[in-house]
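Here is how the chains run, residue by residue.
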Amino acid sequence: MTDTTISIAAPSPASQRFVDEYKTAMRHVASQVAVVTYGRGEDRGGITCTAICSASTEPPALVVCINRSSPARDGIARAGAFAVNHLTDEQSEIARAFSQSSQVAAPFDLGQWSTGSEGAPILAQATANFECRIDQCIEIGGHTMFIGWVVAVQTAPGSTLLYRDGFFRRLAQE
C-alpha cells in the first residue's frame, strides 16, 4: 500500500449559531480528563485536556489537540515532547489547577511528579501515563494537533476522571 495524501478544501466559516450548536453537542460527550505536560529544564508546564486519542497502536502514537492561544501550545512545541497523564476521579483538584482559568501559581505542588525520559513531568498514581516524542504538528482551526510517538507507558489502579457538560464526573459502578 502506498501513502496517499488527500487534500480537501477547508469549509467556509460556520455561522455563530452552528458553532454554538457544535459546542453544546460536544459538551454532551463524556471525555477522559488528562493533564498534558511538557518540560525542558526549568521550562515546564501543563494543561488540562480532554481532546486526546490514540492515533495508532503499531507503532503506538497519540494525538493531543491544544488551543493555539494556550501557552502550553508553544511550550510543547519548544520541548519537542509531551506526556499525557490520565487522571483518577480523586485528582480533580489537579485538573482544576492546570485548567486555563486557574489562578494556581504552582500546580506542580499538587500530586507527586517525576521527570520522564523525554523531560516532561509524570504524575504518580495517574491511571495511565504516556510519554511521547512529537512526530508532527498540524494546525487546524484554532488548535494545533500534536501527533506523538509513545516512548514510555505506565499504569496505576484507579477510576478515570471524566468531564461532561461543564462538570467532572465519575464512572458509575455496575
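Note that the structure is a prediction, hence the values are computed from the model and not measured.

Participant: How would you explain the overall build of the chain if you had to name every residue and give the values?
Facilitator: Helix and strand counts for the chain come out as 3 helices and 12 strands. Taken over C-alpha atoms, the radius of gyration comes to 17 Å for the chain, in line with the 16 Å a tight globule of 174 residues would show. Along the three orthogonal principal directions, the C-alpha set of the chain runs to about 45 × 35 × 35 Å. Burial statistics for the chain: of 174 residues in total, 37% are counted as buried. If you take every contact in the chain between residues at least 6 apart in sequence, the share linking residues at least 24 apart comes to 61%. Counting only carbon and sulfur atoms, one obtains 52% of the accessible surface of the chain, whose full area is about 10800 Å².

Participant: Account for the nonpolar core, naming residues and giving values.
Facilitator: Within the largest apolar cluster, 18 residues are counted, with the highest numbers of intra-cluster contacts made by Val36, Ile52, Val64, Ile66, Ile76, Phe82 and Val84. Of all the secondary structure elements, the ones that give two or more residues to this core are β2 (34-40), β3 (43-49), β5 (60-67), α2 (71-79), β6 (81-86), β9 (128-140) and β10 (143-155). Of all hydrophobic cores here, the second largest spans 11 residues; its members include Ile94, Ala95, Phe98 and Leu161.

Participant: Which residues make up the sheet that holds strand β11 (residues 162-164), and what values go with them?
Facilitator: With antiparallel pairing, 3 strands are arranged side by side in an open sheet as β1-β11-β12. If you trace the sheet from one side to the other, it starts and ends with β1 (31-32) and β12 (167-169), each paired once. Where β11 and β12 come together, 3 bridges link them in antiparallel fashion. Considered in β12, the bridge of Tyr163 is made with Phe168.

Participant: Explain the layout of surface pockets to me, using residue names and the numbers behind them.
Facilitator: The volume enclosed by the largest pocket comes to roughly 1500 Å³. What lines the largest pocket is a set of 33 residues, among which Met26, Thr50, Ala51, Asn67 and His143 lie closest to the centre. Of all the secondary structure elements, the ones that give two or more residues to the lining of the largest pocket are α1 (16-27), β3, β5, β10 and β11. It is α1 that provides the largest number of residues to the lining of the largest pocket, a total of 6 residues.

Participant: Outline the pattern of salt bridges, listing residues and values.
Facilitator: Per the stated rule, a full pass over the model turns up 8 salt bridges. One salt bridge connects Arg78 with Asp43, and the closest N-O pair in it is separated by 3.0 Å. Residue Arg78 is found in helix α2, and its partner Asp43 is found in strand β3; the two are separated by 35 residues along the sequence. Overall, the relative accessible area of 31% leaves Asp43 in the partly exposed class. Residues Glu139 and Arg73 are paired through a salt bridge, measuring 2.7 Å at the closest nitrogen-oxygen approach.

Calculation rules
- Residues numbered from 1 in each chain as written.
- Predicted model: local features only at pLDDT ≥ 70, side-chain atom pairs only at ≥ 80, totals over all residues.
- Heavy atoms only, no water.
- Helix = DSSP H or I, 4+ residues; strand = E, 2+ residues; numbered from the N terminus.
- Rg over C-alpha atoms; globule rule 2.2 N^0.38 Å.
- Buried < 20%, exposed > 50% of the residue type's maximum accessible area, 1.4 Å probe, protein only.
- Contact = heavy atoms within 4.5 Å.
- Areas by Shrake-Rupley, 256 points an atom, 1.4 Å probe, with all protein chains shown as cover.
- Core = buried A, V, L, I, M, F, W, Y, C linked by side-chain atoms within 4.5 Å.
- Pairing = 2+ DSSP bridges.
- 1 Å grid on protein atoms, 1.4 Å probe; cavity = no way out; pocket = protein on both sides within 12 Å on 5 of 7 lines; lining within 4 Å.
- Points joined across faces, edges and corners; volume = space filled by probe spheres on them.
- Salt bridge = Lys/Arg side-chain N within 4 Å of Asp/Glu carboxyl O.

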